[in-house]
Structures are given as C-alpha cells and as structure tokens.
Amino acid sequence: MTLILLVILVALAFEYVNGFHDTANSIATVVSTKVLTPRQAIVLAATTNLLGALWGTAVAKTIASGLVDTKIVTSEILVCALLGAIVWNLLTWWLGLPSSSSHALVGGLCGACLAAAHNRWSVIVWSVPSPEHWWEGKGLLWKVVVPMMTSPLCGFFIGLLVMGTLYFLLRRWRPYTVNRVFGKLQLASAAFMGFSHGTNDAQKTMGIIALALMSATAAGYLHDLPGWLGFLRTPEPPAGKSVEIAVWIKVVCALTMAAGTAAGGWRIIKTLGHKMVKLHPVHGFAAETTGATVLLLASHFGMPVSTTHAITTSIMGVGCAKRLNALKLSVVERILWAWFLTIPASGAVGYLLVKLAQASGWLR
C-alpha cells in the first residue's frame, strides 16, 4: 500500500511539474503580445487547464493500456518511469527549452519497462493496427510516433495558412484597429489553448495512476483494503476494452495541474514568446487557435501529442507567413534538438533507475 501511495505522489509531482513546465505553451503568446500580464495569463491558463482536464479520458486510456504490456508494470517501475520524465522536464525547464512532457512520460515508461523485462523489446507495444481506422490503432507507432510527426506539420502549415488568410482579409485595416480587435479575440484563443492543453496533458498522469492501481489490484495488493478505501481497486478491463478512469483520479490530477500552472514557467515563456519570433495580437490569435485545434483533435482520438510541438510549430508557421527570415533559426535549432532527444533521454533515465533499483535489491 505504501508503494501505491508513493506512485500516486510521484505521479502528482510529475503533473505539477508538467503544469509549470507547459504553462508557457498556453500563455507565451498572450504574454508576449501584452494582451494580458503574466499574472492574469496564469490565472486564465490555470482555470481553463482545470476545465480541460475534466473533459474526456481518451488520452488517459491510451497511457493506461495502449503502450506497454501491463503485466510487467509494478509500482516500483512506475516510480522509475515518472522520475525519468521529471528529471528531463526539470532539465529542459532550467535550460529554457520547450520540450514535450508527453514524450518525456512515454520515454520514461518505455525505458523503465524495457529494463524491468531484461531488454525484452516485446514488452513495448509497437503496433496494434485497427481494422477500421488507423487512428484507432494501439501502440507507440499509432499513438505516439505518427502524431509526433504529423502534429508539428499540421501546426506549421495550418498556422501559415491561417496567418496568410488573415493578412489577405485585413490588408486594408489600420494597424491600430487590428491590434485592438485581435487583442480582445486573443483572450478567447488563449482560453481555447489552455482548455485544449488540459484535455491532453492532464490525462497522461490520470493514465499512470490508473495503470498503477490496475497492476496493484491484479497482484492482490488491494484485496484487504478497508471498505472506505475500496475506490482504489481498479480491475483490468476485458480484452478489447479500455480501462475506465475514476472521477476522483480526474479531479485530483486536474487540480494538481492547475496548481502547477499557477506556479508559472517564465524561462520557456521567454523562449517561445520573445526569442523565436516577434508577435503581435493577430499573430498570437492565429498561433493559439491553430495549436489548440490540433491538440483538441488529438485528444479526441486519444493521442498523447505534445502541446509544445503544436504551439511552437504554429508560432513558426505564423512567423513564416510574416516573412521567412522572421524566425531566429538558432533558437529553432535548439528546440528541435530537445524534441529529438526527449524520448530517448527520458527513456534512458527510466532504464537506468530500474537497473539501479535492481542492483540495490529494491526491485527484482
């Protein structure tokens, strides 16, 4: 029981770090365009993140039952997986790099399970294609790799198209009028971005907690719980079915992410909102609307995509619509390196932590 509580606490710590690490993704543009002060933007993001986290469970179900063989998962392994993701998140936050918390969690989980299975790669669910639609398939290929490639491309090209369309439609407007109108519209787009962020990111920790409880229930660790703790029992779903996420898990994770969001993430805000490209309210509106739409669609199909990828490439697309040399390529290059390294780096940390746990006798 102590281990189960430890997993839940570490998972909530990841959720908190995720909140302040990814806060920048939902409020960088609205802060950089000076539509809201940083404090006002954080309140908006925290509120909308909370609402989004309570909306649906498709992403949580993917994390809980679609990426690794649940039979190998124990509380100790989940602790190592979460610590791998937290270490990478804190490192990239310190460096001011907008890396993906989603992919850090996926990497940590896969690395820890691989080590626990003594390098048996079959423990990782690579591909379980759906006979009907590709987005209904399970495994890393369909739920992580394909969205990881397509969501940045969608963000970039949709952002480019939206901003190009706005340039055409507003070509006769006075700059003062554009800034005034889109300053108000950006409040709505920033709220949309915060809501979409909650629908995707908060659910990843929900999935981890559900996975821990499901494994503990199957192992019999929760068999002798007193009646008032019976809500912790989470039986494995029947074959072909996804685990149902309890309401209390959703509420706790949503509140934790909102608290983390309220702590802010100024280093990443500076990178996204100021260093990469100079933004005005109309650019912020286009980028946020694009990024939020990509996230919401991914959440609908249960894909744990990166909020960072969606909003960053949307900003890039908006910047390129302005002019190709508006982007500072040295900053873009640093961000791309963080993207490519996230899954293997967090996976390596999770792997090493499991090996250390095995060597110390804490884990067999």
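Below is a short write-up of the structure. Please read these numbers as outputs of a predicted model, since none were measured by experiment.

Another aspect to go through is the overall build of the protein. Counting secondary structure elements, the protein contains 12 helices and zero strands. Within the protein, contacts between residues separated by at least 24 positions form 84% of all contacts whose residues are at least 6 apart in sequence. When the accessible surface of the protein is split by element, carbon and sulfur atoms take 70% of a total near 15,600 Å².

It is worth spelling out helix α7 (residues 175-219) at this point. Taking 1.5 Å per residue as the helical rise, α7 with its 45 residues ought to reach 66 Å, and the 64 Å between its terminal C-alpha atoms agrees with that figure. At G198, α7 shows its maximal bend, which comes to roughly 30°. Once α7 finishes, G220 follows within two positions and takes phi at roughly 85°, a positive value.

This paragraph deals with the packing of aromatic side chains. Under the criterion given, the structure shown has three aromatic pairs. Ring centres of F156 and F157 lie 5.1 Å apart, and the angle between their planes is 90°; on these two criteria the pair is classed as edge-to-face. Here F231 and W248 contribute two aromatic rings whose centre-to-centre distance is 5.3 Å and whose plane-to-plane angle is 80°, an arrangement assigned as edge-to-face. Here the residue F231 occupies a position in the loop between α7 and α8 (247-263), and W248 occupies one in helix α8, the gap between them amounting to 17 residues. Here the guanidinium or amino end of R171 rests over the ring plane of F168, the centre of that ring lying 4.2 Å away.

Turning our eyes to something else, we now look at unusual backbone geometry. Here the phi dihedral of H118 falls at roughly 55°; this positive angle occurs in a residue that is not glycine. Take H118: it is sitting in the loop between α5 (101-116) and α6 (140-169). On the basis of relative accessibility, which here comes to 55%, the residue H118 falls in the exposed class. Positive phi outside glycine occurs at N119, with the angle close to 65°. Here N119 lies in the loop between α5 and α6. Classification of N119 by relative accessible area gives partly exposed; the value is 40%.

Right, let's talk about the side chain of E76 for a bit. Secondary-structure assignment places E76 in helix α4 (residues 75-95). Classification of E76 as buried rests on a relative accessible area of 16%. A polar contact is formed between the side chain of E76 and the side chain of T74, at a distance of 3.2 Å. Leave out the neighbours within four places in its chain, and E76 touches L3, W362 and L363.

Now for the packing of α5 against α7. Here α5 crosses α7 at 20°, and the two axes come no closer than 9 Å. By the angle between their axes, α5 is roughly parallel relative to α7. Two packed elements cross with a definite hand, and for α5 against α7 that hand is left-handed. Each of S101, S102, L105 and L109 in α5 lies in contact with α7, whose residues at this interface are D201, K204, I208 and L211. Within the contact of α5 with α7, the residues separate by chemical class into four nonpolar, two polar and two charged.

Moving on: the environment of G164. Secondary-structure assignment places G164 in helix α6. Here G164 falls in the partly exposed class, since its relative accessible area comes to 32%. As a C-alpha pair, G164 and C320 span 156 residues in sequence and 9.3 Å in three-dimensional space.

Viewed as axis vectors pointing N to C, α7 and α8 meet at an angle of 130°, and their least axial separation amounts to 9 Å. With respect to their mutual orientation, α7 and α8 come out oblique. As α7 packs across α8, the resulting crossing turns out to be right-handed. Contacts between α7 and α8 involve H197, D201, A202, T205, M206, I209, A210 and L213 from the former and W248, I249, K250, C253 and M257 from the latter. Grouping the amino acids of the contact of α7 with α8 by side-chain chemistry returns nine nonpolar, two polar and two charged.

With that settled, consider the environment of A263. Within the element layout of this structure, A263 appears in helix α8. Accessibility expressed as a relative area gives 38% for A263, which makes it partly exposed. When the C-alpha atoms of A263 and V43 are compared, they prove to be 9.9 Å apart, with 220 residues separating the residues in sequence. Here A263 is in contact with Y16 and F20, once residues within four sequence places are set aside.

Once that is clear, we can look at the environment of S127. Mapped onto the secondary structure, S127 falls in the loop between α5 and α6. When the C-alpha atoms of S127 and K138 are compared, they prove to be 6.0 Å apart, with 11 residues separating the residues in sequence. When near neighbours in sequence (up to four residues on either side) are disregarded, S127 contacts K138, G139, L141 and W142. Polar contacts involving the side chain of S127 include one to the side chain of W142, which spans 2.8 Å.

Criteria and cut-off values
- Residues numbered from 1 in each chain as written.
- Predicted model: local features only at pLDDT ≥ 70, side-chain atom pairs only at ≥ 80, totals over all residues.
- Heavy atoms only, no water.
- Helix = DSSP H or I, 4+ residues; strand = E, 2+ residues; numbered from the N terminus.
- Contact = heavy atoms within 4.5 Å.
- Areas by Shrake-Rupley, 256 points an atom, 1.4 Å probe, with all protein chains shown as cover.
- Expected span 1.5 Å × (residues − 1).
- Bend = angle between axes of the 7 residues up to and from the residue.
- Phe/Tyr/Trp six-rings, centres within 6.5 Å; stacked < 30°, edge-to-face > 60°.
- Lys NZ or Arg CZ within 6 Å of the ring centre and 35° of its normal.
- Buried < 20%, exposed > 50% of the residue type's maximum accessible area, 1.4 Å probe, protein only.
- Polar contact = N/O pair within 3.5 Å; in protein donor to acceptor, adjacent residues only side chain to side chain.
- Axes fitted to C-alpha atoms, helices over the stretch in contact; angles between N-to-C directions.
- Parallel < 35°, antiparallel > 145°, perpendicular 65-115°, else oblique.
- Left-handed = near helix turned anticlockwise from the far one by under 90°.
- Nonpolar A, V, L, I, M, F, W, Y, C, P; charged D, E, K, R; others polar.

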